[in-house]
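# Structure assessment
Below are the chains, spelled out letter by letter.
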Amino acid sequence: MKRIYLNEVATRDGFQIEPTFVPTDTKVALVDALSECGYAKIEVTSFTSPKAIPMLRDADEVMGRIRRVPGVEYTVLVPNKRGAERALEAKADELNLVMSVSETHNRANLRMSMADSFAALGDVIKLVDGRTPINISLSCAFGCPMEGDVPQQHVLDWAQRFCDIGVRGFTICDTTGMAHPVQVSRMVEALQGSVLKHRPELQLALHFHNTRGMGLANVLAGVQGGITRFDGSLGGLGGCPYAPGASGNISSEDAIHMLDAMGYDTGIDLDKLLGVARQMPDIVGHEVPGQVAKAGRITDLHPAPPETTPA
């Protein structure tokens, strides 16, 4: 079986929507614990304005205090040149840039047009000048909650534009959980037949939300289509403010459990990861959507109930 690489996004994408501030010490301890579980990447934080995302106002301190484990890439989201400068100072292993492929969502989320976002992110890429690898995340690639369907060719065109200006990889994001498995299969096939055909060395990842309960089915469709990199959030934390009431990202531990059960090599120590996952309700102060941390692995057996004697 092919190796599947997991990128953990709980401490950035998962935490940023939480209403109660997670203490810096807790974030550092969580990243350190995740670093021991076998992840390929951990998206630690975001170098955005503290006014925009108060939860991540401690980004510089967190990046300065985490214990870096060889073989794990510590990536951060950056929205602009100032964020990129901070990320470079913090010695991030990768910069993740974000733009929506829906004009309406991009304006709502980033307060600018797609053309302006592309120009601004192009300036970031020029500033970095190859010193640190760059990933571009394309939001709403499988549909927009305000516009509806997003044409597949539209996504391919934007992916190609970013590849042409110097990124190491890109993530195709189902930001509000609108994707279904057939759509995922078609997108993967189209990407492999266009962008990746000419740049096979590019890292391609898929990012799913479980808003409508299809997250793991979409992961499976991606794996069966040849994709080997996926984002996940411990406990299923996260969500988009433009999909009110929706659950968050796919649960990392649930996805890893599924892939392990099917014989795929994720490189993750699932027992260790479940121990960390079971801390998440206490960390965020509420129950989380992840299932395997509650129910246990399918190999966790239970004693039979005692026999009863009829009265």
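As the structure is a prediction and not an experimental result, all values here were calculated from the model. (Residues numbered from 1 in each chain as written. Predicted model: local features only at pLDDT ≥ 70, side-chain atom pairs only at ≥ 80, totals over all residues. Heavy atoms only, no water.)

### Some details on helix α5 (residues 103–110)
Put simply, the rule is: To sort residues, take the accessible area from a 1.4 Å probe on protein chains only and compare it with the maximum for the residue type: under 20% means buried, over 50% means exposed, and anything in between is partly exposed. Strands here mean DSSP runs of E at least two residues long; helices mean DSSP runs of H or I at least four residues long; both are numbered from the N terminus. By the convention used here, residues are in contact when the closest approach between their heavy atoms is within 4.5 Å.
The complete set of buried residues in α5 reads H105, N106 and A108. On the buried face of α5, the contacting elements are β4 (94–100), α6 (114–128) and β5 (134–139). At the C-terminal side of α5, R111 shows a positive phi close to 60°.

### What about the packing of aromatic side chains?
Keep this limit in mind: The criterion for an aromatic pair is that two Phe, Tyr or Trp rings (for Trp, the six-membered ring) have centres within 6.5 Å, with stacked assigned to planes under 30 degrees apart, edge-to-face to planes over 60 apart and tilted to the rest. Two conditions define a charge sitting above a ring: the NZ of Lys or the CZ of Arg must be within 6 Å of the ring centre, and it must be within 35 degrees of the ring normal.
As enumerated under the stated definition, the model contains 3 aromatic pairs in all. When the centroid spacing of 5.6 Å and the interplanar angle of 65° are considered together, the rings of F118 and W158 count as edge-to-face. Placement of the pair is F118 in helix α6 and W158 in helix α7 (residues 152–164), with a sequence separation of 40 residues. With relative accessibility at 8%, the residue W158 sits in the buried group. Between F142 and F208, the aromatic rings sit 5.9 Å apart at their centres with planes inclined by 40°, giving tilted as the arrangement. Of this pair, F142 sits in the loop between β5 and α7 while F208 sits in strand β7 (residues 203–208); the two residues are 66 residues apart in sequence, bridging distant segments of the chain. The residue whose ring lies beneath R161 is F118, and the NZ or CZ to ring-centre distance is 4.2 Å.

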